[in-house]
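# A structural walkthrough
Residue strings, one per chain:
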Amino acid sequence: MKGLFITFEGGEGAGKTSIIEEINQTLTDKGYKTVKTREPGGIKISEKIRQVILDRSHTEMDARTEALLYAAARRQHLVEKVIPKLKEGYIILCDRFIDSSLVYQGYARGLGIDEVYHINQFAIQDCMPDVTFLLDLPPKKGLERIHGNYEREQNRLDLEDLSFHQKVYEGYHLLANRFSDRIKLIDAGQSFDRVLNSSLNAIEAFLK
């Protein structure tokens, strides 16, 4: 792989999408070849799987079904978009990746982090991010942001109560300790400009 695979993680309302948009523009302006994408989604098949996963009417969905659907969407996204662009030397900026599954299904849903990791190993074949930025924000504050943003996509995860999102928050911190060489914490409670500058400084240091 000649490119760089950067993923962004965080709970609901952490601001990943907005930060990725600005980072993508900044890197493009500096002459880097970039691809901005998301999970689940990023390509046609995975976007269709996303619709099934996040449909607010699918409240009966089993946790294992959910985990398998995320892994399926991830596999197609990788082989169709991420891996080809990495081979062409692009910087991939991806909104969520495997860590989301480990936290949401593995920890918060109670399936087990290691169990969900094994499911995803089959899907990704060791294609892990070079670096992951965890936008760290307490869940109560993140949910307040969501409820005040009427333009944001409303999905099935928004129906979960605060205790679920608290477990997501705990799970991310467990992963940050477990994979401290890859996962870099960014305080998402700062102003947007501070979060952006912290992220850009970390990326530029990594590129050097």
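Residues numbered from 1 in each chain as written. Predicted model: local features only at pLDDT ≥ 70, side-chain atom pairs only at ≥ 80, totals over all residues. Heavy atoms only, no water.

Per the stated rule, a full pass over the model turns up 12 salt bridges. A salt bridge links E21 to K36, with the nearest nitrogen and oxygen atoms 3.2 Å apart. On the criterion of sequence distance, the pair formed by E21 in helix α1 (residues 16–29) and K36 in strand β2 (residues 34–38) is long-range, its members being 15 residues apart. A salt bridge links R74 to E39, with the shortest nitrogen-to-oxygen separation between them at 2.6 Å. A residue pair is termed long-range when its members are at least 10 positions apart, and R74 in helix α3 (residues 63–87) and E39 in the loop between β2 and α2 (44–54) qualify at 35 residues. Judged on exposure class, the residue R74 and its partner E39 are both buried. Each of the salt bridges in this network shares a partner with another, and the network as a whole consists of E9, E12 and R96. (Salt bridge = Lys/Arg side-chain N within 4 Å of Asp/Glu carboxyl O. Helix = DSSP H or I, 4+ residues; strand = E, 2+ residues; numbered from the N terminus. Buried < 20%, exposed > 50% of the residue type's maximum accessible area, 1.4 Å probe, protein only.)

The next thing to look at is the UniProt feature "binding site: ATP" (unreviewed entry) in the protein chain. UniProt's feature table lists "binding site: ATP" (unreviewed entry) at G10, G11, E12, G13, A14, G15, K16 and T17, given in the numbering used throughout. Within the secondary structure, G15 is located in the loop between β1 (4–9) and α1. Residues within four places of G15 in sequence aside, it is in contact with L135 and R145. (UniProt positions renumbered as here; feature names shortened; annotations may be inferred. Contact = heavy atoms within 4.5 Å.)

Counting residues in each nonpolar core, the largest one holds 38 residues, and the members touching the most others are F5, L78, I92, Y104, V168 and L175. Here the element with the most residues in this core is α3; it accounts for nine residues. L78 has contacts with F5, I83, P84, F97, A123, I124 and C127, leaving out every residue within four places of it along the chain. Counting residues in each nonpolar core, the second largest holds 20 residues, with I6, L196, L200 and I203 among its members. (Core = buried A, V, L, I, M, F, W, Y, C linked by side-chain atoms within 4.5 Å.)

Right, let's get into helix α4 (residues 98–108). Across the 11 residues that make up α4, a large majority, 10, are buried. Every buried residue of α4 is accounted for by I98, D99, S100, S101, L102, V103, Y104, Q105, G106 and A108. In this structure, the buried side of α4 is in contact with β1, α3, α5 (113–124), β4 (131–136), α7 (162–178) and β5 (183–187). Of the residues one or two after α4, G110 is the one with positive phi, at around 85°.

What follows concerns the side chain of D95. Inspection of the secondary structure assignment puts D95 in strand β3 (residues 91–95). For D95, a relative accessible area of 10% gives the class buried. A polar atom in the side chain of D95 sits 3.0 Å from the side chain of T17. The residues touching D95, leaving out its near neighbours within four places in the chain, are F8, K16, T17, I20, T37, R38 and E39. (Polar contact = N/O pair within 3.5 Å; in protein donor to acceptor, adjacent residues only side chain to side chain.)

Before going further, it helps to spend a moment on the packing of aromatic side chains. In the structure shown here, the tally under the stated rule is three aromatic pairs. With centroids separated by 5.7 Å and ring planes inclined at 35°, the aromatic side chains of F8 and F133 adopt a geometry described as tilted. One end of the pair, F8, is in strand β1; the other, F133, is in strand β4, with 125 residues separating them in the sequence. Across the pair, F133 and F8 agree in class, each one buried. Taking the ring centre of F97 as reference, the NZ or CZ of R74 above it sits at 5.4 Å. The aromatic ring of Y107 is capped on one face by K167, whose charged end is 4.6 Å from the ring centroid. (Phe/Tyr/Trp six-rings, centres within 6.5 Å; stacked < 30°, edge-to-face > 60°. Lys NZ or Arg CZ within 6 Å of the ring centre and 35° of its normal.)

What follows is about the packing of α4 against α7. At a closest axis distance of 9 Å, the pairing of α4 and α7 adopts a crossing angle of 125°. Compared by their axis directions, α4 and α7 come out oblique. In this structure, the crossing between α4 and α7 has a hand that is right-handed. Seen from α4, the contacting residues are D99, S100, L102, V103, Y104, Y107 and A108; seen from α7, they are F164, K167, V168, E170, G171, Y172, L174 and L175. Looking at the contact of α4 with α7, its residues break down into 10 nonpolar, two polar and three charged. (Axes fitted to C-alpha atoms, helices over the stretch in contact; angles between N-to-C directions. Parallel < 35°, antiparallel > 145°, perpendicular 65-115°, else oblique. Left-handed = near helix turned anticlockwise from the far one by under 90°. Nonpolar A, V, L, I, M, F, W, Y, C, P; charged D, E, K, R; others polar.)

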